[in-house]
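Per-entry structural report
Letter by letter, the chains look like this.
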Amino acid sequence: RPEQQQVIVQTFLSNMIFFCRNKYSSNVVERALVCVHDSRQQLLQAMLSSSGPVEGSVCDTRFGLYVMEEAIKLADPTMREMLEHHRTCVLQDSPDDMQRAV
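Report follows, based on the coordinates.

Analysis parameters
Along each chain, numbering runs from 1 in the same order as the chain's sequence is written. In keeping with the model being predicted, local features are shown solely for residues with a pLDDT of at least 70 and side-chain atom pairs are shown and tallied solely at 80 or more, while totals for entire chains, interfaces and linings include all residues. Hydrogens are left out, water is left out, and the side-chain values use all remaining heavy atoms of the structure. A run of H or I in DSSP becomes a helix once it reaches four residues, and a run of E becomes a strand once it reaches two; helices and strands are each numbered from the N terminus. For every residue, the accessible area (1.4 Å probe, protein chains only) is compared with the maximum for its type, and the residue is labelled buried under 20%, exposed over 50%, or partly exposed between those bounds. The contact criterion used throughout is that any non-hydrogen atoms of two residues lie within 4.5 Å. In these tables, accessible area is a Shrake-Rupley quantity obtained with a 1.4 Å probe, and a residue counts as shielded only by the protein chains included in the view. Working definition: a ring pair exists when centres of Phe, Tyr or Trp rings (six-membered ring for Trp) sit within 6.5 Å. Plane angles under 30 degrees give stacked, over 60 give edge-to-face, the rest tilted. For this analysis, a salt bridge means a side-chain nitrogen from Lys or Arg found within 4 Å of a carboxyl oxygen belonging to Asp or Glu. As used in this record, nonpolar core signifies buried Ala, Val, Leu, Ile, Met, Phe, Trp, Tyr and Cys residues forming a set joined through side-chain atoms within 4.5 Å.

Looking only at helices and strands, the protein has six helices and zero strands in total. Of the regular secondary structure in the protein, the N- to C-terminal order runs α-α-α-α-α-α. Burial analysis of the protein (102 residues in total) assigns 40% to the buried set. Residue pairs at least 24 apart in sequence account for 66% of intrachain contacts in the protein once pairs closer than 6 positions are excluded. Surface accessibility of the protein: about 6,100 Å² in total, with carbon and sulfur atoms responsible for 52%.

Below, the structure is given as structure tokens:
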């Protein structure tokens, strides 16, 4: 239902990094990216920002990298380029084991 989807989207928007760091919640974020067409752009923007109670990036963990890959597949060309650039910048500053995860 749209009202329930909006509650889920709002929760993800304020805690995107937190949810992308856990195996199970990152699966829910991936599913939301696929299912919630109206708010997808908002979710993609949230992946680029580091706002919220948890600092860092979506790409800081392997689970977040899976979410980022799904986001890149679903994004329009302009957003795809921004997401790929973000992922590249984060991975350049990451330990070697994170770079191998891609």
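Turning next to the packing of aromatic side chains. The geometry of an aromatic ring pair is captured by the separation of the ring centres together with the interplanar angle, meaning the angle of the planes. One pass over the full model with this rule turns up two aromatic pairs. Considering the side-chain rings of Phe12 and Phe19, the 5.1 Å spacing of their centres and the 75° angle between planes classify their relative orientation as edge-to-face. Here Phe19 falls in the buried class, since its relative accessible area comes to 17%. Through a chain of ring-to-ring contacts, three or more aromatic side chains come together here, namely Phe12, Phe18 and Phe19.

Moving on: the pattern of salt bridges. With the rule as written, the count across this model stands at three salt bridges. A salt bridge links Arg21 to Asp60, with the shortest nitrogen-to-oxygen separation between them at 3.2 Å. Of this pair, Arg21 sits in the loop between α1 (2-19) and α2 (23-35) while Asp60 is found in the loop between α3 (40-48) and α4 (62-74), placing the two residues 39 residues apart along the sequence. Given a relative accessible area of 33%, Asp60 falls into the partly exposed group. When the shortest N-O distance is used, the salt bridge between Arg87 and Glu69 registers 2.2 Å. One end of the pair, Arg87, is in helix α5 (residues 77-92); the other, Glu69, is in helix α4, and 18 residues separate them in sequence.

Once that is clear, we can look at the nonpolar core. Nonpolar side chains in soluble globular proteins generally cluster together in the buried interior. With 26 residues, the main nonpolar core has Met16, Leu44, Met47 and Leu83 as its most contacted residues. Broken down by secondary-structure element, the contributors of at least two residues to this core are α1, α2, α3, α4 and α5. Residue contacts for Met16: discarding those within four places in its chain leaves Val29, Leu43, Ala46, Met47 and Val58.

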